[in-house]
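Close look at the chain arrangement
Read off the chains here:
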Amino acid sequence: MNLKFNKNWQLSESLVTPEKEYRSRTRRDFIKTLGFGAAGALLLPNQSSAATEGFPSKLNPNYSGKELKVTPFNYVTSYNNFYEFGMDKGDPVTNSNQGWKTDPWTVEIRGLARNTGKFDVNALVRKVGGIEQRVYRHRCVEAWSMVIPWDGFQLSKLIALAEPTADAKYITFTSFEDSKNAVGQQDSNFGWPYIEGLRLDEAQNELAFMATGVFGKPLPNQNGAPLRLVTPWKYGFKGAKSIVLIEFTQEAPLNTWQRIRSEEYGFYANVNPKVDHPRWSQGSERVIGGGVFNGRQSTLMFNGYERQVASLYKGMDLKRYY
Ligand code: MTE
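What you see is a predicted model, and the numbers here were worked out from it, not measured in a lab.

Reading guide: rules and limits
Residues numbered from 1 in each chain as written. Predicted model: local features only at pLDDT ≥ 70, side-chain atom pairs only at ≥ 80, totals over all residues. Heavy atoms only, no water. Near = heavy atom within 4 Å. Polar contact = N/O pair within 3.5 Å; in protein donor to acceptor, adjacent residues only side chain to side chain. Areas by Shrake-Rupley, 256 points an atom, 1.4 Å probe, with all protein chains shown as cover. Nonpolar A, V, L, I, M, F, W, Y, C, P; charged D, E, K, R; others polar. pLDDT = per-residue confidence, 0-100. Helix = DSSP H or I, 4+ residues; strand = E, 2+ residues; numbered from the N terminus. Contact = heavy atoms within 4.5 Å. Phe/Tyr/Trp six-rings, centres within 6.5 Å; stacked < 30°, edge-to-face > 60°. Buried < 20%, exposed > 50% of the residue type's maximum accessible area, 1.4 Å probe, protein only. Lys NZ or Arg CZ within 6 Å of the ring centre and 35° of its normal. Core = buried A, V, L, I, M, F, W, Y, C linked by side-chain atoms within 4.5 Å. Pairing = 2+ DSSP bridges. Axes fitted to C-alpha atoms, helices over the stretch in contact; angles between N-to-C directions. Salt bridge = Lys/Arg side-chain N within 4 Å of Asp/Glu carboxyl O.

Residues in close proximity to the ligand total 16 residues, the closest being Y83, E84, H138, G239 and K241. Between the ligand and E84 there is a distance of 2.8 Å, counted from a nitrogen atom to a side-chain nitrogen or oxygen. Separating a nitrogen atom of the ligand from a side-chain N or O atom of S175 is a distance of 2.9 Å. Protein chains bury 99% of the 540 Å² of accessible surface belonging to the ligand in isolation. Taken together, the residues of the shell around the ligand sort by class into six nonpolar, seven polar and three charged.

To continue, consider the confidence of the model for the protein. Of the residues in the protein, 85% reach a pLDDT of 70 or more, and the chain-wide mean stands at 88. Within the protein, no element has a lower average pLDDT than helix 3 (residues 19–34), which sits at 36, and none a higher one than strand 10 (residues 228–230), at 99. Below a pLDDT of 50 lies the segment residues 1–45, which in the model reaches 70 contacts outside its immediate sequence neighbourhood of four places, other chains included.

Here we take up the packing of aromatic side chains. Aromatic rings considered in pairs are described by the distance between their centres and by the relative angle of their planes. Within this structure, the stated rule accounts for 25 aromatic pairs. Measuring from centroid to centroid gives 6.1 Å for W100 and W105, while their planes differ by 85 degrees, and the two rings are edge-to-face. The pair formed by W100 and W105 is uniform in burial state, with each residue classed as buried. Grouping aromatic residues by their ring pairs yields a cluster made of Y83, F190, W192, Y194, F237, W257 and Y265. The ring of Y63 carries R134 above its face, with NZ or CZ at 3.9 Å from the centroid.

By size, the foremost hydrophobic cluster in this structure holds 78 residues, and its most contacted members are W150, L155, I171, F173, M210, W233 and F248. A total of five residues in this core trace back to one element, the largest contributor, which is strand 5 (residues 144–154). Residues within four places of L155 in sequence aside, it is in contact with I171, F173, L198, A203, A208, F209, M210 and L229.

Below, the discussion takes up the environment of E263. Examined against the element boundaries, E263 turns out to sit in the loop between helix 9 (256–260) and strand 12 (284–287). Residue E263 is classed as exposed on the basis of its relative accessible area, which comes to 53%. Spatially, the C-alpha atom of E263 lies 9.5 Å from that of Y322, the residues being 59 residues apart in sequence. Contact partners of E263, with chain neighbours within four places excluded, come to P278 and Y322.

Right, let's get into the sheet that holds strand 3 (residues 117–120). As summarised here, the arrangement of the five strands in space is 3-2-11-6-7, forming an open sheet in which the pairing is mixed. Both outer strands of the open sheet, strand 3 and strand 7 (195–199), are each paired with one neighbouring strand and no more. Between one strand and the next, the sheet's axes are offset by a mean angle of 20 degrees, whatever the strand orientation. Where strand 2 (residues 106–111) and strand 11 (residues 243–249) come together, four bridges link them in parallel fashion. By the bridge assignment for strand 11, E108 is matched with L245.

Next up on the list: the pattern of salt bridges. Throughout the structure, instances matching the rule amount to eleven salt bridges. For E142, the salt bridge identified is with K89, shortest N-O distance 3.1 Å. Of this pair, E142 sits in the loop between strand 4 (132–139) and strand 5 while K89 is found in the loop between helix 4 (73–76) and helix 5 (91–95), placing the two residues 53 residues apart along the sequence. Among the residues examined, E142 registers a relative accessible area of 7% and is labelled buried. Relative accessible area serves as the criterion here: at 5%, K89 is assigned to the buried category. Residue E264 is joined to R279 by a salt bridge in which the shortest nitrogen-to-oxygen separation is 2.7 Å. Here E264, found in the loop between helix 9 and strand 12, pairs with R279, found in the loop between helix 9 and strand 12; they are 15 residues apart in sequence, far enough to count as distant.

As structure tokens, then:
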């Protein structure tokens, strides 16, 4: 495979850039994209979003994240990984809001299921019975983390509607393709579209979530409008953004990062402080928006969701299935 990627593809920004320079650059990005002091849960005037059905949603008390400190809105919506719109963390907020339309939006459900077809995203939200809010930890494989209040619905509801057949063992999520608006897709080295997948029993876990919003508002484009996957016990790269296709399959899909660099990124991608990335430790994480004194914390097994998900991996060698 030809990998002519910019350094940011290979190493997290904080690992390749001296701390001081990184901090001032991040700050500059915020100034550039937000106008500093534009605090508060407001979309910028030129930012678009979609999937408007069901807002405002109600917090589900079982996932209230009471013990967690929510990351400020401005970080969640301007420090992003969305390589279709550029390599740097500040690129998606700028580049995904220059004419890329996420409304209206159609999602296709295909493959080994009884109820397949194409659905308008708002109709799909209605079919699953609306949306709710959940506060989840969000841990990137690059060793940074946030806490995000997502709006959306439990993935298992969509699966129940689709009625997968007994042959279906995996579910695959495919992101959009639009190389005219998504400048990053003009680089064919990546092999677009972005693809992710889960074992069907993982997808049916109570935590697996389809997000249509953040902070009680429709997802901004840079966060994967109008529909993205959220699996909080896994590294963030599992959370495919701006999904157009959900497919039930017998075989595991080759997810994008595994295809690009399988020795570093696997299919499972479970957060695990005992299994390091070949080039950096996964034992701790930089808390985005945590400031100088609360800037780092230990990483928890399954990102703190061991009770809900450990049984999915009973007997598996998690060093081998990373
Ligand atoms: N989905 C698509 N289509 N393209 C991407 O580049 N990046 C992934 C994931 N989903 C990505 C994607 C990575 S590496 C992470 S950490 C999360 O999205 C980031 O989500 P956030 O920007 O909302 O924090």
